[in-house]
Amino acid sequence: MIPASFEYRRAGSVEDALGWLAEDPDSTKLLAGGHSLLPLMKLRLATPGVLVDVGRVPGLSYVRDAGDHVAIGALTRHRDLEISEVARASVPLLAHVAGQVGDPQVRHRGTIGGSLAHGDPASDLPAAVLALDATMVADGPRGRREIAASDFFRGFLETALEPDEMLTEIRVRKAPSGWAFQKFNRRAQDWAIVGVAAVLDGEPRVALVNMGSTTVRARGTEEALAAGAEAADAAARAAEGLEPPSDLHASAEYRRHLATVLVRRALVEAAAARG
Amino acid sequence: MSAAVLEEHGAAGVVGTRMLRREDPALLSGEARFVHDLVVPGALHMAVVRSPYAHARITSVDVSAALGMPGVVAALTGADLAAEWASAMPCAWPVTADMQSPKHLPVAVDEACYTGDAVAVVLAGSQAEAQDAAAAVAVGYEELPAAVDLEDAARDDALAHVDAPSNRAYTWELVPDPDAVRRAFDEAAVTVKERYRQQRLIPAAMEPRGVCVVPQPFGGEFVVYSSTQIPHILRTMLGLTTGVPEDRIRVIAPSVGGGFGSKLDVYAEELLCLALARRLRRPVRWSEERSEAAQATIHGRGQVQEIELAADADGRVQAVRVHLLADMGAYLQLVTPGVPILGAFLYHGTYDVPAYSFTCTGVFTNKTPTDAYRGAGRPEATYAIERAMDALARKLGMDPAELRRRNYIGADRFPYSSVAGLVFDSGDYEAALDKALELVGYDALRHEQAQRRSDGATKLLGVGLSSYVEMCGLAPSRVLASLHYVAGGWETATVRMLPTGKVQVVTGATPHGQGHVTSWSMIVADKLGVLPDDVEVLHSDTGLSPLGLDTYGSRSLSVGGTAIALAADRLVDKARLLAAHRLEAAPEDLELSDGQFVVRGSPSTSIGIGTLAFEAFTAHDLPEGMEPNLEASATYDPTNFTFPFGTHVAVVEVDTETGRVDLVRYVGVDDCGNQINPLIVDGQVHGGIAQGVAQALYEEASYDERGNLLTTTLADYLVPAASELPSFTLGRTVTPSPSNPLGVKGVGEAGTIASTPAVVNAVVDALSHLGVEDLEMPVTPERVWRSIGASAPVQGGAR
Ligand SMILES: Cc1cc2nc3c(=O)[nH]c(=O)nc-3n(C[C@H](O)[C@H](O)[C@H](O)COP(=O)(O)OP(=O)(O)OC[C@H]3O[C@@H](n4cnc5c(N)ncnc54)[C@H](O)[C@@H]3O)c2cc1C
């Protein structure tokens, strides 16, 4: 439980961080809340040579109403997102999901940027931003670029971010109603065995937690809904084409089953909330 | 002392009140010091290289790379250390004369027998340096077939130790009258035969283990700081295994963050730190990490149980027959073989059963050794009989509460000589059941359950009962002898009043979270007429309390507390003689009240016990032949076990679509005899229930087929938190134990013993109309879902 030795640098600005990343992108890691990276380092599953702590970079923790969308700074902690008035009014799904992450300690340390950049299929916030069709803003040596959520999650712990890029902002279109989130776990503090984020406000979108090697959309369900299917029938197609993992906590077969139940519940709840 | 006297006493004093724990301010403010907190300049940090294989021949160990790493002082193999050991690691409970016990050295020499078995150690200036270097030790392994599954191991499919004749450690039987058992089964109107699996559990005490050995200068003693429940037993065992004379070892257990039996053991790291401190003449320390603890600290449970009941048509149980396989793990630790035997006498539970048969085979596997874990043998026994009683109730179509009522040992039968050879001290089992049923609102629950079923609800209700009796207060030394345990069961105490009237209590019991300081000071305060805050309790240091038998088996109050009460009585007797001398009265005319000896009928003639303490100290005017000072000691060897009992009721909601089980209500009615501090009793019961629920629903030390432990972090080993538990409703009945003067029974294990079967019975009860009869522990949502059948109707709408 002691990480391999590494060099620690504290960034005072995004420029600092990008500069250090550029020096040796493959063995340099950004450190935000540390609640995904440090456990990996302690188990020596990650052994970065340089750790660039961006935790104190000013100006990257905010939830702002930006007209047609809400802009969220990458260093916004889960707890700040959970209690943000702007998020609660305009993207309540995101505020709610942030409140479902881990336990209070985790929510007070972990950041939305870290959660998304980590690309863990078991994480909750990636499913929420996928269902909300959010846009990621990344800064790097080649300038700033925007990445659609549907292009962002690439594979297990793999995102569209280049090793020398930093995620700085998340933009989420407003979706004040017609949403639901279902998280199934054994203890309140745990990652989801399966989770579902559903948004029926506009074109129906359903994203799943822990149903593949990365955060995925329930395409079968979305297609069925687009074709006018009832919730139960659309939900029956939730696991279509997906290959969920089998692990200590659940078999793939059980996860497929859970996905159908939880998607149905989410659709019913979201529809009721839409009124 | 009868209950009445205690209550009268309680009215005047503090015993029986919910006094806040005196220990808590230091613990809650972070001022309490655990082994890892000790600052020891110049100490070397030890890291242990552990086998990644469940079973392997060690072909080579190359420490040269490690020796070249920064800060490294030594890197040693099992062979390098072999000469340090005067004898192998101890097992103090050879349950049978022919028991097999493979040689167990702190560091394996040529065969590693579980993942986590030590194969080398590294010593360096810091923990980080030691761990870096440990990773550089190159060990050659030749993997051997591993005995992983308990039943496969019992068939010797693979041998856990290559040189052993078989995996059998021992077979132990308790069959008082085989013919009676056979007859009962032949003549039975109804029989049930059940098979239960007691999964392995990881004790997961809040504080992992830690050891720090500090050699004193000028050829002085070795001070061994250890996070242990058993400083006294440890000192003796350290002497025997390392050859350091026992009188040169002083063991101190500073604040200890929980144990649950896992620190009732003598571990390789304790022996290693002492031997290495001797070898290098420097302090040596080791702090266990959480993942390391999952492998290197003992596991609990690990049994396959087969239980059969024979009953007449009215449901009266005529015989109980039990066959057990008990997983020893790779080696026998301090009391490993005895754990199933502690349950052997209790498989008929609270019921009056005339015929009894118990057989247990201990089996070696290539897994972490098992040993005592909260309840040790008794939770397993209670689980088997209470699950089987529910099975019998279902077969008879009888309400499980009614079946239990018909079978209880009646309140008029105590002291009750059990078929297994025990004498149950006192009890009123039906009273506890009645109270529990009333508190939970049993009839209304049954009504709601039926309603939900007929409505076709997807959230079903289940109600589970469990009645238990345990034997604790370990133990009469003579009984231990008959069970081949190689130590006694007494406890010692000294009570001393200092010249200023302050009191010191020295005890051989060793608290690690129970609140002993509070309870002991309450007992002594009332005896002497002082305030609890004026009573200092000295414990957990063999330099202060040279003799003692430590804390386990819910023994501290009924054995250690009794010794303290007896010592306090002796002190009062002496003070009374001195008071009589000073007041020129007859001792029998003196009454001690509020710390004053008063001459009966002449209230103005009195002397305070504090004054007497000063006079006993100056010794200027003592009665002829009286020794100076107010101090008295007592050693108490109990005459019998104590038998706490009770009934718990769990209420669960089961989601038939997902298999999720929510524990929605929980009622526990316990009888632990007289209570010194009901608040502490509540705390013990709360924690116990949580731990039992954990076994029922959440925890399992899972291994893969090759014997790799899969649950080495707390993200995979699911210890439930407060968020998973309802608020518990506790009730109590009070049936004092006649076996000790305090009338107490012990409550450290009760909650754990009662709750596991209550919860599993509740889940099975919720699903019984669907044909579900059993669920393997832990009862995971997936297991529940599978038991219902993948075809469970999925209905729209309901959430
Ligand atoms: C006990 C526990 C329980 C948890 N339970 C849950 C749960 O239920 N649900 C859930 O979703 N999560 C859970 N988490 C994970 C938690 O939410 C993490 O905090 C989060 O996933 C990562 O955020 P962080 O700020 O801590 O990132 P860090 O750990 O600091 O970083 C994670 C990764 O992202 C990279 N990174 C960080 N910030 C940026 C950035 N701005 N740009 C580019 N790369 C970046 C880092 O280099 C690293 O590779 C849990 C964690 C713990 C310890």
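Just so you know, these numbers come straight off a predicted model, no measurement behind them. (Residues numbered from 1 in each chain as written. Chains lettered and ligands numbered in written order. Predicted model: local features only at pLDDT ≥ 70, side-chain atom pairs only at ≥ 80, totals over all residues. Heavy atoms only, no water.)

Considering the overall build of chain A
And then number 1: Scanning chain A for helices and strands turns up 12 helices and 14 strands.
And then number 2: Relative to the compact-globule value of 19 Å for 275 residues, chain A shows a C-alpha radius of gyration of 18 Å, a close match.
And then number 3: In terms of overall dimensions, chain A has C-alpha extents of about 55 × 45 × 35 Å along its principal axes.
And then number 4: Counting across all 275 residues of chain A, residues that qualify as buried make up 56%. (Helix = DSSP H or I, 4+ residues; strand = E, 2+ residues; numbered from the N terminus. Rg over C-alpha atoms; globule rule 2.2 N^0.38 Å. Buried < 20%, exposed > 50% of the residue type's maximum accessible area, 1.4 Å probe, protein only.)

Things to note about the domain arrangement of chain A
Residue and element names in this part refer to chain A.
And then number 1: For chain A, the assigned domains read domain 1 (7-53), domain 2 (63-173) and domain 3 (179-274).
And then number 2: When each unit is reduced to the centre of its C-alpha atoms, the spacing between domain 1 and domain 2 is 19 Å.
And then number 3: Listed per partner, the contact involves 12 residues of domain 1 and 15 residues of domain 2.
And then number 4: Here domain 1 and domain 2 share an interface that buries about 1,000 Å² over both sides, 79% of which is from carbon and sulfur atoms.
And then number 5: Counting every contact that joins domain 1 to domain 2 gives 0 salt bridges.
And then number 6: At the surface where domain 1 touches domain 2, the tally comes to 0 residue pairs in polar contact (both at pLDDT 80 or more).
And then number 7: No other element matches the 4 residues that helix α1 (residues 14-23) contributes to the side of domain 1 that touches domain 2. (Domains from an automatic or database assignment. Contact = heavy atoms within 4.5 Å. Buried area = accessible area lost by both parts, 1.4 Å probe. Salt bridge = Lys/Arg side-chain N within 4 Å of Asp/Glu carboxyl O. Polar contact = N/O pair within 3.5 Å; in protein donor to acceptor, adjacent residues only side chain to side chain.)

What about the site of the ligand?
Residue and element names in this part refer to chain A.
And then number 1: Not every one of the 27 residues close to the ligand is listed here, only the nearest: Leu30, Gly33, Gly34, Leu37 and Thr111.
And then number 2: Backbone polar atom of Leu30 to an oxygen atom of the ligand: 2.5 Å apart, as the coordinates give it.
And then number 3: Gly102 is positioned such that a nitrogen or oxygen atom in its backbone is 3.0 Å from an oxygen atom of the ligand.
And then number 4: The fraction of the free accessible surface of the ligand (960 Å²) that becomes covered by protein chains is 92%.
And then number 5: Broken down by secondary-structure element, the contributors of at least two residues to the shell around the ligand are β2 (28-31), α7 (112-118) and β10 (166-173). (Near = heavy atom within 4 Å. Areas by Shrake-Rupley, 256 points an atom, 1.4 Å probe, with all protein chains shown as cover.)

As for the side chain of Thr28 of chain A
All names here are of chain A.
And then number 1: Turning to its location among the elements, Thr28 is positioned in strand β2.
And then number 2: Reaching out from Thr28, the side chain makes a polar contact with the backbone oxygen of Asp24 at a distance of 2.7 Å.
And then number 3: When residues no more than four places from it in sequence are discounted, the contact partners of Thr28 are Trp20, Leu21, Val50 and Val52.

Things to note about the domain arrangement of chain B
Residues and elements named next belong to chain B.
And then number 1: Here the domain parsing of chain B yields domain 1 (2-32 + 490-636), domain 2 (35-144 + 203-296) and domain 3 (428-471 + 643-799).
And then number 2: Between domain 1 and domain 2, the residue contacts involve 17 residues of the former and 20 residues of the latter.
And then number 3: Across the domain 1 to domain 2 interface the summed buried area is about 1,300 Å²; carbon plus sulfur atoms make up 52%.
And then number 4: Ranking the residues of domain 1 by area buried against domain 2 places His512, Thr542 and Asp550 at the top, with a combined share of 42%.
And then number 5: In this structure, the connection of domain 1 to domain 2 is made through 1 salt bridge.
And then number 6: The salt bridge partner of Asp541 is Arg250, with a shortest N-O separation of 2.7 Å.
And then number 7: At the junction of domain 1 with domain 2, the criterion picks out 10 residue pairs in polar contact (both at pLDDT 80 or more).
And then number 8: The residue inventory of the side of domain 1 that touches domain 2, partitioned by class, reads 5 nonpolar, 10 polar and 2 charged. (Nonpolar A, V, L, I, M, F, W, Y, C, P; charged D, E, K, R; others polar.)

Observations regarding the pattern of salt bridges
Working definition: two side chains of opposite charge can pair if their charged atoms are close together.
Residue and element names in this part refer to chain A.
And then number 1: In the structure shown here, the tally under the stated rule is 74 salt bridges over all chains.
And then number 2: The partner of Asp164 in a salt bridge is Arg142, and the shortest N-O contact between them spans 3.0 Å. One end of the pair, Asp164, is in the loop between β9 (158-159) and β10; the other, Arg142, is in the loop between β6 (135-140) and β7 (143-148), with 22 residues separating them in the sequence.
And then number 3: Residue Asp164 is classed as buried on the basis of its relative accessible area of 12%.
And then number 4: Using a relative accessible area of 59% as the deciding quantity, one classes Arg142 as exposed.

Focus on the packing of helix α17 (residues 516-528) of chain B against helix α18 (residues 556-583) of chain B
Residue and element names in this part refer to chain B.
And then number 1: It is the contact of α17 with α18, at a shortest axis distance of 10 Å, that shows an interaxial angle of 30 degrees. Accordingly, the angle class assigned to the pair α17 and α18 is roughly parallel. The handedness of the crossing between α17 and α18 is right-handed. Counting all contacts with α17, which are made through His516, Trp520, Ile523, Val524, Lys527 and Leu528, the residues of α18 involved are Ser556, Leu557, Gly561, Ile564, Ala565, Ala568, Asp569, Leu571 and Val572.
And then number 2: Among the residues making up the contact of α17 with α18, the classes are represented as 10 nonpolar, 3 polar and 2 charged. (Axes fitted to C-alpha atoms, helices over the stretch in contact; angles between N-to-C directions. Parallel < 35°, antiparallel > 145°, perpendicular 65-115°, else oblique. Left-handed = near helix turned anticlockwise from the far one by under 90°.)

Re the packing of aromatic side chains
The geometry of an aromatic ring pair comes down to the distance between the two centres and the angle between the two planes.
And then number 1: Within the structure shown, the criterion is met by 19 aromatic pairs over all chains.
And then number 2: Pairing Tyr254 of chain A with Trp785 of chain B gives two aromatic rings, centres 5.2 Å apart and planes at 40 degrees, and the pair type is tilted. Here Trp785 of chain B lies in helix α22 (residues 781-788) and Tyr254 of chain A lies in helix α12 (residues 252-274), a pairing that spans two chains.
And then number 3: The exposure class of Tyr254 of chain A is buried, given its relative accessible area of 0%.
And then number 4: By relative accessible area, Trp785 of chain B is classed as buried at 3%.
And then number 5: Taking the centre distance of 6.0 Å and the plane angle of 70 degrees together, the rings of Trp172 of chain B and Phe345 of chain B count as edge-to-face. Remark: Phe345 of chain B occurs in the loop between α11 (339-344) and β15 (355-364) and Trp172 of chain B occurs in strand β7 (residues 168-174); sequence separation between them is 173 residues. (Phe/Tyr/Trp six-rings, centres within 6.5 Å; stacked < 30°, edge-to-face > 60°.)

Focus: the sheet that holds β7 of chain A
Strands in a sheet are paired, the pairing made by backbone hydrogen bonds, and the direction either parallel or antiparallel.
All names here are of chain A.
And then number 1: Read across the sheet, 5 strands follow the order β4-β5-β10-β6-β7 without closing on themselves; strand pairing throughout is antiparallel. Every other strand in the sheet has two partners, leaving β4 (63-65) and β7 as the edge strands with one partner each. Put simply, the sheet's adjacent strands are angled 25 degrees from each other on average, direction ignored.
And then number 2: Alignment of β6 against β10, held across 5 bridges, turns out to be antiparallel. What sits directly across from Thr135, in β10, is Arg171.
And then number 3: Set on the sheet, α1 makes contact with β6 and β10; between it and β10 the angle comes to about 125 degrees. (Pairing = 2+ DSSP bridges.)

Let's talk about helix α8 (residues 124-131) of chain A
Residue and element names in this part refer to chain A.
And then number 1: A large share of α8 lies buried, amounting to 8 of its 8 residues.
And then number 2: All buried positions along α8 are accounted for by Asp124, Leu125, Pro126, Ala127, Ala128, Val129, Leu130 and Ala131.
And then number 3: Asp133 lies just past α8 and shows a positive phi near 55 degrees.

Some remarks on the pairing of strand β10 (residues 222-226) of chain B
And then number 1: Where burial is concerned, most of β10 of chain B is hidden: 4 out of the 5 residues are buried.
And then number 2: Adjacent in sequence and paired antiparallel, strand β9 (residues 210-215) of chain B and β10 of chain B are bridged by 6 residues, among which Phe218 of chain B carries a positive phi angle near 55 degrees.

Looking at the interface of chain A and chain B
And then number 1: The partner chain B presents 37 residues to the 24 residues of chain A that form the contact.
And then number 2: Summed over both partners, the interface of chain A with chain B comes to about 2,800 Å²; 52% of that surface belongs to carbon and sulfur atoms.
And then number 3: When the area that chain A buries against chain B is broken down by residue, the three leading residues are Arg186, Arg187 and Arg265 of chain A, summing to 26%.
And then number 4: In this assembly, chain A and chain B are joined by 5 salt bridges.
And then number 5: In this structure, Asp655 of chain B engages Arg265 of chain A in a salt bridge whose closest nitrogen and oxygen atoms are separated by 2.9 Å.

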